[in-house]
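Okay, here's what each chain looks like letter by letter:
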Amino acid sequence: MRLFFALCLPPGLAAQLAGLAEVLPGGHALGEEDLHLTLHFLGELDEPRAEEAAWAAEALQAGPVWLRLQGLGSYGARGRLSLHAVVAPEPGLLGLQDRLGSRLAGAGLILPRRRFRPHITLARGLRGGPALDRIVAANIGLSPPPVAARSFGLFRSWLHADGARYERLQDYPLVLPLS
Ligand code: 3AM
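The text that follows walks through the structure, step by step, so that each part is easy to find.

So, how was this worked out
- Residues numbered from 1 in each chain as written.
- Predicted model: local features only at pLDDT ≥ 70, side-chain atom pairs only at ≥ 80, totals over all residues.
- Heavy atoms only, no water.
- Helix = DSSP H or I, 4+ residues; strand = E, 2+ residues; numbered from the N terminus.
- Buried < 20%, exposed > 50% of the residue type's maximum accessible area, 1.4 Å probe, protein only.
- Contact = heavy atoms within 4.5 Å.
- Lys, Arg positive; Asp, Glu negative; His and termini not counted.
- Charge placed at Lys NZ, Arg CZ, Asp CG, Glu CD.
- Pairing = 2+ DSSP bridges.
- Axes fitted to C-alpha atoms, helices over the stretch in contact; angles between N-to-C directions.
- Phe/Tyr/Trp six-rings, centres within 6.5 Å; stacked < 30°, edge-to-face > 60°.
- Salt bridge = Lys/Arg side-chain N within 4 Å of Asp/Glu carboxyl O.

As for the overall build of the chain
Piece 1. For the chain, the count of helices and strands is four helices and ten strands.
Piece 2. Traced from its N-terminal end to its C-terminal end, the chain shows the element sequence β-α-β-β-α-β-β-β-α-β-α-β-β-β.
Piece 3. Seen through its C-alpha atoms, the chain measures out along the principal axes to roughly 45 × 35 × 25 Å.
Piece 4. Out of the 179 residues belonging to the chain, those deemed buried represent 44%.
Piece 5. At a minimum sequence separation of 6, the contacts of the chain that also span at least 24 residues come to 78%.
Piece 6. In the chain, 18 side chains carry a positive charge and 16 a negative one; their mean positions are 10 Å apart.

Structural data, given as structure tokens:
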């Protein structure tokens, strides 16, 4: 199973973001229900390892984290770019990602050493060019009021020719008082 942990977006934020990438030519815009903020990518795990990962997350006690957007960005090689919303590295968000990573490492899981750059991918496989540049430029000031993410999930990623589909296997509410 190809697995990852990600924050679930409040519905209002997901709805606001989902429409942004729809107008871009080529590529695959993620649907509202697929938008997420990846905390840790686990890669391919067999069922026992997946259960260990799920247990490690279960034991984490944390509260909601603030999501504050800071415009849009694009990433990748020309011809297969992705468009994402940039999310401010707020202490609560960084802390949650770090604590979850420590628990997963403590459970013996090996995580990619990629630096955590909080973002919400909106579309993948884009050709790039003026339409993409225009959307990024038009949203340079995108900065809606921060919203609280109140849960994260363990997701399974199904790879298809027309883009990945995600299945939420577990939900972990972030219920401690907001910090
Ligand atoms: O949806 P985003 O962009 O946040 O980029 C992949 C995606 O993140 C990331 O895991 C999420 C679910 O697929 N991902 C895929 N392969 C990865 C890898 N080898 C990876 N992250 C780190 N290392």
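Overview of the pairing of strand S6 (residues 81-87)
Piece 1. With six of its seven residues buried, S6 lies for the most part within the structure.
Piece 2. Both strand S5 (residues 69-75) and S6 contribute to a ladder of five bridges, which runs antiparallel. Within S6, the residue paired with Ser74 across the bridge is Leu83.
Piece 3. Connecting S5 to the antiparallel partner S6 that follows it, the hairpin turn spans five residues, and Gly76 within it adopts a positive phi of roughly 110°.
Piece 4. Pairing between S6 and strand S7 (residues 119-126): five bridges, direction antiparallel. The partner of His84 across the bridge, within S7, is Thr121.

Quick notes on the sheet that holds strand S2 (residues 26-29)
Piece 1. The four strands lie next to each other as S2-S7-S6-S5, forming an open sheet whose pairing is antiparallel. In this open sheet, the two strands that pair with only one neighbour each are S2 and S5. Going from strand to strand, the sheet's axes swing by 20° on average, the running direction of each strand aside.

Considerations on the packing of aromatic side chains
Piece 1. Under the definition given, this model contains five aromatic pairs.
Piece 2. Judged by centre distance (5.3 Å) and plane angle (80°), the ring pair of Phe4 and Tyr166 falls under edge-to-face. Taken together, the residues Phe4 in strand S1 (residues 2-8) and Tyr166 in strand S10 (residues 163-173) connect sequence positions 162 residues apart. Across the pair, Tyr166 and Phe4 agree in class, each one buried.
Piece 3. Between Phe152 and Tyr172 the ring centres are 4.9 Å apart and the planes differ by 25°, which places this aromatic pair in the stacked class. Placement of the pair is Phe152 in strand S9 (residues 151-160) and Tyr172 in strand S10, with a sequence separation of 20 residues. Comparing Phe152 with Tyr172 shows no difference in burial state: the two are buried.
Piece 4. In this structure an aromatic cluster arises from ring pairing among Phe4, Phe155 and Tyr166.

Section: the pattern of salt bridges
Piece 1. Tallied over the entire structure, the rule returns three salt bridges.
Piece 2. With a shortest N-O distance of 2.6 Å, Glu90 and Arg68 are connected by a salt bridge. One end of the pair, Glu90, is in the loop between S6 and helix H3 (91-106); the other, Arg68, is in the loop between strand S4 (65-67) and S5, with 22 residues separating them in the sequence.
Piece 3. The partner of Asp171 in a salt bridge is Arg168, with the nearest N and O atoms 3.2 Å apart.
Piece 4. The partly exposed category is assigned to Arg168, whose relative accessible area is 46%.

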